[in-house]
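Chain by chain, the residues:
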Amino acid sequence: MELSAGALLLSLLRPDMEAVLRQCLPPEVELRYGTALTDVANRSDGVTVTLQDGTVLDADLLVGADGIHSTVRRLVFGQESRHLRYLGLHTAAFTFDDPDVHAATKHTFCLTDSIDRQMGFYALRDGRVAAFAVHRSADPTLPDDHRVAIQRAYAGLGWVTPRALEQCPPAVDIYYDQVAQIELARWSAGRVVLLGDAAYAVSLIAGQGASLGIAGAFLLADRLAHAPAIQRGTAEFERLWRPVVEDKQRNARSMARWFLPSSPIDLRIRRVMLRLTRMPFVSGYVTSILAGEDTKLTDVMRQASGTTATPMVA
Ligand SMILES: Cc1cc2nc3c(=O)[nH]c(=O)nc-3n(C[C@H](O)[C@H](O)[C@H](O)COP(=O)(O)OP(=O)(O)OC[C@H]3O[C@@H](n4cnc5c(N)ncnc54)[C@H](O)[C@@H]3O)c2cc1C
């Protein structure tokens, strides 16, 4: 875990964050792993959910926080293709062991300086290296073999990338997906509400998807606790949160050009921008933008009862 820029940015791995969230759950919350939803019956006074193993559960509200490829969304709001906006990029992430690459990338997030494809490296505390890759592709279709696709797409990039590609794990240990956003006309229908990437994925370009998931969950809980009826709570959550999210989605789309340069000119401009961020004043400004300081997000969180602005996860 690393804190930087006056504790505005907190960098941590997703499994660590999940573990912390799990530890915070009250004992009466029951967790079930290795199962999935197969059916949702949405009624005006409640919701009935059927699980893969045949279990039937009745609840007042179903919160679909099941990610960008949400099953809850498909079952209640229709096919994914109606809501997914492909941003023209494929992305992948994996970890590997290499003491030399670990030493070379320690304390820094290193990116290749390249056009239309880019790899990033980050040394983890346990000695492994996290690799992150993104490349342009007009075709949103995902490849059958992720390892082979990565080795092809990033072949020829210099520095430590040949070693990373050589040590790329089998497909089962690789994260591989389209870079996309989710846009829905409504986030709730009756007694079902979507949350996080399932409702409003902003994409990795925004760098705030986890924050928007967690802060959104807080706001939803807060609005439900204060609403006279469940549907009023979910509507109020959406009224407050949608402008924040749509702002992030717009920013991410306009940042895509700098996130992955597509021409030598873009690459040169990005180099200048990155050099500027090393200057103390500019660095603080960029960090405050990344952290969401003085944005609609913190305004909304302040409005929610009893909250003050907190560092955002990036
Ligand atoms: C490469 C990459 C880098 C990123 N970097 C950042 C970053 O630096 N900062 C940041 O804030 N965000 C980042 N993001 C975005 C961030 O990961 C997501 O926005 C965030 O994880 C969304 O959280 P979520 O809980 O909504 O969905 P998810 O994290 O996708 O969680 C959904 C959960 O639902 C489970 N699930 C799915 N389907 C079912 C089902 N049918 N039944 C039961 N469970 C199910 C999944 O197993 C998963 O555990 C990045 C994303 C990518 C792809």
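Just above sits the structure.
The rules behind these values
- Residues numbered from 1 in each chain as written.
- Predicted model: local features only at pLDDT ≥ 70, side-chain atom pairs only at ≥ 80, totals over all residues.
- Heavy atoms only, no water.
- Pairing = 2+ DSSP bridges.
- Helix = DSSP H or I, 4+ residues; strand = E, 2+ residues; numbered from the N terminus.
- Axes fitted to C-alpha atoms, helices over the stretch in contact; angles between N-to-C directions.
- Parallel < 35°, antiparallel > 145°, perpendicular 65-115°, else oblique.
- Contact = heavy atoms within 4.5 Å.
- Patch = residues over 30% accessible without salt bridge, like charges linked within 9 Å, V, L, I, M, F, W, Y side chains within 5 Å.
- Areas by Shrake-Rupley, 256 points an atom, 1.4 Å probe, with all protein chains shown as cover.
- Salt bridge = Lys/Arg side-chain N within 4 Å of Asp/Glu carboxyl O.
- Buried < 20%, exposed > 50% of the residue type's maximum accessible area, 1.4 Å probe, protein only.
- Phe/Tyr/Trp six-rings, centres within 6.5 Å; stacked < 30°, edge-to-face > 60°.
- Left-handed = near helix turned anticlockwise from the far one by under 90°.
- Nonpolar A, V, L, I, M, F, W, Y, C, P; charged D, E, K, R; others polar.

(A) Representation of the pairing of strand β5 (residues 56–59). Across four bridges, the pairing between strand β4 (residues 46–51) and β5 is antiparallel. Within the sheet, the bridge partner assigned to V47 lies in β5 and is A59. Between β4 and β5, which pair antiparallel one after the other, the connecting turn spans four residues, and G54 there sits at a positive phi close to 95°.

(B) Region of interest: the packing of helix α8 (residues 230–259) against helix α9 (residues 264–276). Following both chains from N to C, one finds α8 and α9 inclined at 100°, their axes separated by 9 Å at the closest point. When the interaxial angle is binned, α8 and α9 end up roughly perpendicular. Every residue of α9 that contacts α8 at R257, W258 and F259 is listed here: D266, I269, R270 and M273.

(C) Summary view of a nonpolar patch on the surface. Taken together, L25, V29, L31 and Y33 make up a surface patch of nonpolar side chains, about 380 Å² in accessible area. According to the relative accessible area criterion, L25 is partly exposed, its value standing at 36%.

(D) Quick peek at the packing of aromatic side chains. Applying the stated criterion to the full structure yields six aromatic pairs. Each ring, one from F121 and one from W159, has its centre 6.3 Å from the other, and the planes form 70°; the classification is edge-to-face. Of this pair, F121 sits in strand β9 (residues 117–123) while W159 sits in the loop between α4 (146–153) and α5 (161–166), and the two are 38 residues apart along the sequence. A relative accessible area of 51% means that W159 is categorised as exposed.

(E) A look at the packing of helix α7 (residues 209–226) against α8. Where α7 contacts α8, the two axes come as close as 8 Å, and the packing angle between them is 150°. Looking at the two axes, α7 sits roughly antiparallel to α8. The two elements α7 and α8 meet at a crossing, and its hand is right-handed. In contact with L212, A215, G216, L219, L220, R223 and L224 of α7, α8 contributes I230, G233, T234, E236, F237, L240, W241, V244 and K248. By residue class, the composition of the contact of α7 with α8 is ten nonpolar, three polar and three charged.

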